[in-house]
Amino acid sequence: CIPIGYILVYITPIERHKWKHINGKENTVLKYQVVYASRTGNTQKIAAKIFETLPGTSKDIQKVEEAGKEADVYFVGFWNDKGTCSGSIMDYLSELHGRKVALFGTCGMGGSREYFDQVAHRVEALIPDDNEYLGAFPCCGKMPGQVLERYKMMQEVEDSPRIRKMIQVYEEGMLHPDEADLDKAARFTREVLEKLQKAQKQKEAHKEEIAHLEKRI
């Protein structure tokens, strides 16, 4: 005979297949999932702070290479790679569908809000349209030592104001993410949660309104 207690179901490209027991408990979808890519540890620090700020126990934090759990809300972190995110985050975002997604990222190119916004917009554009975008938190971060070596070599060829500025930005970035950055990350997380809570209340109020109208018909 053919066993009927289990069926094989297709979930998403992130988790290709799962076994689900029909009469038992279903595989739990988390409330929150923090996923990140980190090259020098900057983004990992922000990810840890966001995870710490999220309430409850229905949450997880994973590097993008290890990520596979389903969640309702995703906080996806990246490091700035030539004005956008790395390929691993591009691939991960492309596989998210019907979810709520917030971004966070670190950038070693100074504290220009305009530049941060440009990077965030480029990464936001990678999120499929059927997801709900919840905003982005970008901040400064230290760059790899090879970057300073390259700047020094450039300075030996031409000691220009532009090169000196690049070295200054590098040195300032060595102090980040600092405690102030982590506090801002926590505040961003709370703002996202408040936005979700407000949207949920509006949704419930709308349902009640429809139910009330249906009773009157």
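About the cut-offs
- Residues numbered from 1 in each chain as written.
- Predicted model: local features only at pLDDT ≥ 70, side-chain atom pairs only at ≥ 80, totals over all residues.
- Heavy atoms only, no water.
- Helix = DSSP H or I, 4+ residues; strand = E, 2+ residues; numbered from the N terminus.
- Salt bridge = Lys/Arg side-chain N within 4 Å of Asp/Glu carboxyl O.
- Buried < 20%, exposed > 50% of the residue type's maximum accessible area, 1.4 Å probe, protein only.
- Expected span 1.5 Å × (residues − 1).
- Arc of directions from axis to C-beta.
- Contact = heavy atoms within 4.5 Å.
- Phe/Tyr/Trp six-rings, centres within 6.5 Å; stacked < 30°, edge-to-face > 60°.
- Lys NZ or Arg CZ within 6 Å of the ring centre and 35° of its normal.
- pLDDT = per-residue confidence, 0-100.
- Pairing = 2+ DSSP bridges.
- Axes fitted to C-alpha atoms, helices over the stretch in contact; angles between N-to-C directions.
- Parallel < 35°, antiparallel > 145°, perpendicular 65-115°, else oblique.
- Left-handed = near helix turned anticlockwise from the far one by under 90°.
- Nonpolar A, V, L, I, M, F, W, Y, C, P; charged D, E, K, R; others polar.
- Disulfide = S-S within 2.5 Å.
- Right-handed = clockwise from strand over helix to strand, strands pointing away.

**Considerations on unusual backbone geometry**
A positive phi angle is found at Lys82, which is not glycine, with a value near 55 degrees. As for its placement among the helices and strands, Lys82 is situated in the loop between strand S5 (71-79) and helix H2 (87-94).

**Examining the pattern of salt bridges**
Taken as a whole and assessed by the stated rule, the structure comprises 6 salt bridges. With its nearest N and O atoms 3.2 Å apart, the salt bridge here joins Lys49 to Glu52. You can see Lys49 and its partner Glu52 sitting in helix H1 (residues 42-53), 3 residues apart, about one turn around the helix. Overall, Glu52 belongs to the exposed group, its relative accessible area being 56%. As a salt-bridge pair, Lys100 and Asp72 come within 3.2 Å of each other at their nearest N and O atoms. You can see Lys100 sitting in strand S6 (residues 100-107) and its partner Asp72 sitting in strand S5, a full 28 residues away along the chain.

**Thoughts on H1**
A rise of 1.5 Å per residue sets the reference length of H1, with its 12 residues, at 16 Å; its end C-alpha atoms lie 17 Å apart and thus fit the reference within 8%. Listed in full, the buried residues belonging to H1 are Asn42, Thr43, Ile46, Ala47, Lys49, Ile50 and Thr53. Down the axis of H1, the buried set is contained in an arc of 165 degrees. They therefore lie on one face. Buried residues belonging to H1 abut strand S3 (30-36), strand S4 (59-63), S5, S6, strand S7 (132-140) and helix H6 (179-216).

**Overview of the packing of aromatic side chains**
For any pair of aromatic rings, geometry is given as the distance between the ring centres together with the angle between the planes. Considering all chains together, one arrives at 2 aromatic pairs under this definition. On the basis of an interplanar angle of 65 degrees and a centroid distance of 6.3 Å, the ring pair of Tyr74 and Tyr92 is categorised as edge-to-face. Remark: Tyr92 occurs in helix H2 and Tyr74 occurs in strand S5; sequence separation between them is 18 residues. Aromatic side chains Phe137 and Phe188 sit 5.9 Å apart centroid to centroid with 25 degrees between the ring planes, which places their arrangement in the stacked category. In this pair, Phe137 is assigned in strand S7 and Phe188 in helix H6, connecting sequence segments 51 residues apart. With relative accessibility at 9%, the residue Phe188 sits in the buried group. Over the face of the ring belonging to Phe51 we find Lys59, whose NZ or CZ atom lies 4.6 Å from the ring centre.

**Regarding the confidence of the model for the protein**
Overall, the prediction assigns the protein a mean pLDDT of 82, with 81% of residues at 70 or greater. Between residues 1-26, whose pLDDT stays under 50, and residues either more than four places distant or in other chains, the model counts 37 contacts.

**A closer look at the sheet that holds S7**
One open sheet accounts for 5 strands, arranged S4-S3-S5-S6-S7; its pairing is parallel. The sheet is open, and its two edges are formed by S4 and S7, each paired on a single side. Averaged over all adjacent pairs, the angle separating strand axes in this sheet is 15 degrees, with direction ignored. Helix-sheet contacts for H6 involve S3, S5, S6 and S7, and the interaxial angle to S7 is about 170 degrees.

**Some details on the packing of H1 against H6**
At a minimum axis distance of 9 Å, the contact between H1 and H6 shows a crossing angle of 45 degrees. One finds that H1 runs oblique with respect to H6. Pair H1 / H6 crosses with right-handed handedness. Within the contact between the two elements, H1 uses Lys45, Ile46, Lys49, Ile50 and Thr53 and H6 uses Asp181, Leu182, Ala185, Ala186, Thr189 and Arg190. Here the contact of H1 with H6 is built from residues that sort into 5 nonpolar, 2 polar and 4 charged.

**Remarks on the state of the cysteines**
Evaluated as defined, the whole model comprises 0 disulfides. Unpaired in this structure, Cys107 has its nearest cysteine sulfur neighbour in Cys140, at a distance of 7.1 Å. Here Cys140 stays unpaired: no disulfide links it, and the sulfur of Cys139, its closest cysteine neighbor, is 6.7 Å away.

**Re the pairing of S5**
Buried residues dominate S5, accounting for 8 of its 9 residues. Two elements, S3 and S5, share 6 bridges in a ladder whose sense is parallel. Across the sheet, the residue bridging to Tyr36 is Gly77, located in S5. As paired elements, S5 and S6 share 7 bridges and run parallel to each other. By the bridge assignment for S6, Gly77 is matched with Phe104. With H2 bridging S5 and the parallel S6, this β-α-β connection has right-handed handedness.

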